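# A closer look at the structure
Spelled out, the chains give:
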Amino acid sequence: MGKKRRGPSLEELLARPWCYYCERDFDDLKILISHQKAKHFKCERCGRRLNTAGGLSVHMSQVHKEQLSTVDNALPNRSSLDVEIFGMEGVPEDIIQGHNQRVATQFQQAEVERQAVTGNPPAGQGGATPGGGQQPAKRPKLENVSDLKKRLAEHKAKKAEALAGGSSGDVTPVGAGQTTSIGFNASNPPAQQFSYPQPYTGAAAGSPYQSTASPVYQNFLPGGPQQYPSSTQYTSPSTYSPQPYTAPTPGQPIGYPSQPPSQTNTPPQTATGLPQRPPSLPSASTLPQRPVMGAPPVNAFQMQQMHMGQGGPNGEGTTPFATSVDDLISGAARAADQAAAPAATPASAPAPSKPEATDEKTTKKDKAKQTRLVYADNETSPEEKMARLSRYAYVPQEETVLAEVPAAVTAPNDTSM
Amino acid sequence: MATNQFTLASPPTDAISALKFSPEPESTRVVVSSWDKNIYLYELRDENGNIGEGKLLQKFEHRAPVLDVCFGANEDEIYTAGLDWDVRRIDLTSSTQTVISSHDAGVRSVVYSKEHNIVVSASWDSTLHVHIIGENISAPAIVPLPSKPFSMSLSPTKLVVAMASRSLHIYDLKALAMLGSQAEAGKKLEVEPWQRRESSLKFMTRSVACMPDDAGYASSSIEGRVAVEWFDPSAESQARKYAFKCHRQTADDVDVVYPVNALAFHPVFGTFASGGGDGVVALWDGIAKRRIRQYQKYPSSVAALCFSGNGKYLAIAISPGFEDGKDEVAEGTVRIFVRELGPTEARGKGPK
């Protein structure tokens, strides 16, 4: 990396054309002019772009019969029509000076800041005017890199936390699903509860867990899409992996009594179960819809939740789990979606098909905004109302039969009443 | 901007209830029905063939306000419906009026189907009368409706009747024609509509208009809204239906909502125009769901709209106080504008 381009010099900055109305500066006068035409001199009625505010004003009054009072998108004190601006022409001298001063101050500030950050010798090396790009850039560069890395790591950690936090927050709605599914479990409690203790006591190893895992998975079903955050997290620190493993296990006993079985199951399973899962498939088959892979991601995810509850670092630590399970997760997420789809459709299908789905749209659109109906009678049409007026009154006559009606008969009938 | 709009000479003296262009492609004949009990027949072409403010050819007085009018098999024949409970046929060349049926209440609408050669009238007595137009017009077949009809429109094969209580019936014209041929005078005939629907709009239906391509229809309500729906009962087609707000003005944070009094489809482009109580006429592309343009506000409520047979003209009838039946109609406030449309003025822009 040879010479690094320093920022533009003060002269360059001062020479830049800028827009009187919004103080924005531009590379080129042409761009400034097209900016002004598009932002400040465009007719809101027909989109025509005029060259000056005066031109727009004349256009508005002649074409649209409207009076232009202010320039669009202008700073509050610059919206006047009195100043005729075209590009940089017409800008009052005092305003130009104010602008230049501002640019200069900003420039100096930036310069000072840069020196503070980089530790560079003041632009003096290149002369008082910081015109020339100088050699120094190296040291700051290095610092920057390490800084960057540090910050990146911090940022990632934060993000991971936020994600995990966010996802656990998301789970709350899932909780509703969980309760229902728990209810479902209750409906056939013996089998499942039985299965649950079995695996747990039987072996801390993963294989027996499968049976229990399936209910877990089921609980988790609604959360299917939320598994994605975990997979993204996994990307962050790969080195942590050993930590989380240990962390969950201590957490286990605590969580076990307090939490529903399904959740406590999860840690051990994730710890050991991954490879062994496939063999345990048969037990899971009690619930036909759930694919094998359904269980692991859930567990990983729930672990995260638990860890999150127990402490930040652990929460982060869990992410590596996801790494090992990553493909499983994505696969399971898909599977979960697929499994959920058929389950959901029967429930939701009747709803749309039953009504003609007529005014869903209209109801949705009716917001709270205050409205006043010009004609508010929803029962009687205007014509009926008018027909009731005395001047339109008509009483049928006997002679209205299927016959030729001589013109005379068609005289107004009011008199006969 | 050159004005491409003219005002018809000698407009009705009271509110306009309906306005129709002759369906013949190059014709510039317009009939207008009014609450002043007259039917007005205008011809926009002068002796030299120039189209301008036109002249009043004929006026046919009725016994009561006339609520609707339509052209028959040719432009020398019209059918009218009015508050005198009668449906009439008027031969414009001989000026003879024939009552073809009498309802038991005011007759709100009348339509003629060229394809099936039938006239259908809808009355506030909650019936449709179906007349087969032949050598001699037979006694009408009477079809009971669940509610009072407010608006009616037909496509080449369907008849859409919008009624009170937001109900809407779609009839198959062929079935109606069959029914009409079996009709015995005075006997009510139950006929199953091809489809029964509930209006997609929550408020009273003000107007319906069928698409010229027979695919569906648009309906409007008193609450500044227009819905576009398709006949095809399949789920995909029904999923395409939509509604949008229009003819509203915001004043002091209150949305003033005007009724959409009139809808008319362009016979060539399949776009449609809506006219509201706010005096605004807007052109819409119902397929692309876009507004094509909106014309400058007219001085009073838009009562009726109609495109000419070739789609080159749009006639706009305005009448004050149409919504609330105000007592006095000021002189000169009932007017008929005819707008000459540019070749692409009413054409949809296509989806974007």
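Residues numbered from 1 in each chain as written. Chains lettered and ligands numbered in written order. Predicted model: local features only at pLDDT ≥ 70, side-chain atom pairs only at ≥ 80, totals over all residues.

## Digging into the overall build of chain A
This is how it is decided: Numbering of helices and strands runs from the N terminus; a helix is a DSSP stretch of H or I covering at least four residues, while a strand is a stretch of E covering at least two. Each residue is classified by how many other C-beta atoms fall within 10 Å of its C-beta atom, where C-beta atoms are placed from the backbone; a count of 20 or more means buried, 12 or fewer means exposed, and values in between mean partly exposed. Note that contacts rest on C-beta atoms placed from the backbone: two residues are in contact if these are within 7 Å.
A count of helical and extended segments in chain A gives 17 helices and two strands. Counting over 417 residues, chain A shows a buried share of 28%. For chain A, long-range pairs separated by at least 24 residues make up 67% of all intrachain contacts whose partners lie at least 6 apart in sequence.

## A word on the overall build of chain B
When helices and strands are tallied, chain B shows two helices and 30 strands. Expressed as a percentage of the 352 residues in chain B, the buried residues total 56%. Of the contacts formed within chain B by residues at least 6 apart in sequence, a portion of 49% connects residues at least 24 apart.

## Describing the environment of B:Lys245
Residue and element names in this part refer to chain B. On the secondary structure map, Lys-245 appears in strand β21 (residues 242-245). For the pair formed by Lys-245 and Ala-227, sequence separation is 18 residues and the distance between their alpha carbons is 8.9 Å. Each residue touching Lys-245, except ones within four places of it in the same chain, is listed here: Gly-224 and Arg-225.

## Here's the deal with the UniProt feature "domain: C2H2-type" (unreviewed entry) in chain A
How we decide: UniProt positions are given in the numbering used here, feature names are shortened, and annotations may be inferred rather than shown by experiment.
Within the UniProt annotation, "domain: C2H2-type" (unreviewed entry) is assigned to residues 41-69 of chain A. Overall, residues 41-69 of chain A shows 38% helix and 0% strand. The separation of its end C-alpha atoms is 12 Å.

## With respect to the pairing of strand β7 (residues 77-82) of chain B
Residues and elements named next belong to chain B. Spelled out, the test is: Two strands qualify as a pair provided DSSP detects at least 2 bridges between them.
By the criterion of burial, β7 is predominantly enclosed, with five of the six residues buried. Bridge count between strand β6 (residues 66-71) and β7: five bridges; the pairing is antiparallel. By the bridge assignment for β7, Cys-70 is matched with Tyr-79. As consecutive antiparallel partners, β6 and β7 are separated by five residues. Remark: three residues form the turn of the hairpin made by β7 and strand β8 (residues 86-91), two consecutive strands paired antiparallel; Trp-85 in that turn has positive phi of roughly 70 degrees.

## Quick look at the sheet that holds strand β13 (residues 141-144) of chain B
Residue and element names in this part refer to chain B. Applicable threshold: Helix axes are fitted to C-alpha atoms over the stretch in contact, other axes to C-alpha atoms as well, and angles between N-to-C directions run from 0 to 180 degrees.
Pairing is antiparallel in the open sheet, where four strands are placed in the order β10-β11-β12-β13. Each having just a single partner strand, β10 (107-113) and β13 make up the two edges of the open sheet. Strand-to-strand, the axes of this sheet are offset by a mean angle of 20 degrees, without reference to chain direction. Pairing of strand β12 (residues 127-132) with β13, which is carried by four bridges, proceeds in the antiparallel orientation. From the neighbouring strand, Val-130 faces β13, where its bridge partner is Ala-141. Sitting on the sheet, helix α1 (residues 173-182) touches β10, β11 (118-123), β12 and β13, and the angle it makes with β12 is about 75 degrees.

## Examining the nonpolar core
Across soluble globular proteins, nonpolar side chains show a tendency to be buried alongside one another. We count it as follows: In these notes, a nonpolar core means any group of buried Ala, Val, Leu, Ile, Met, Phe, Trp, Tyr and Cys residues linked to one another through C-beta atoms within 7 Å.
Ranked by internal contacts, the top residues of the largest apolar core, which has 116 residues, are B:Leu19, B:Val160, B:Ala264, B:Leu305, B:Ala315 and B:Ala317. Aside from chain neighbours lying at most four places away, what touches B:Leu305 is B:Ala262, B:Ala264, B:Ala273, B:Gly275, B:Val281, B:Leu314, B:Ala315 and B:Ile316. Core analysis: the next-biggest nonpolar cluster, separate from the first, contains eleven residues, A:Trp18, A:Ala53, A:Met60 and A:Val71 among them.

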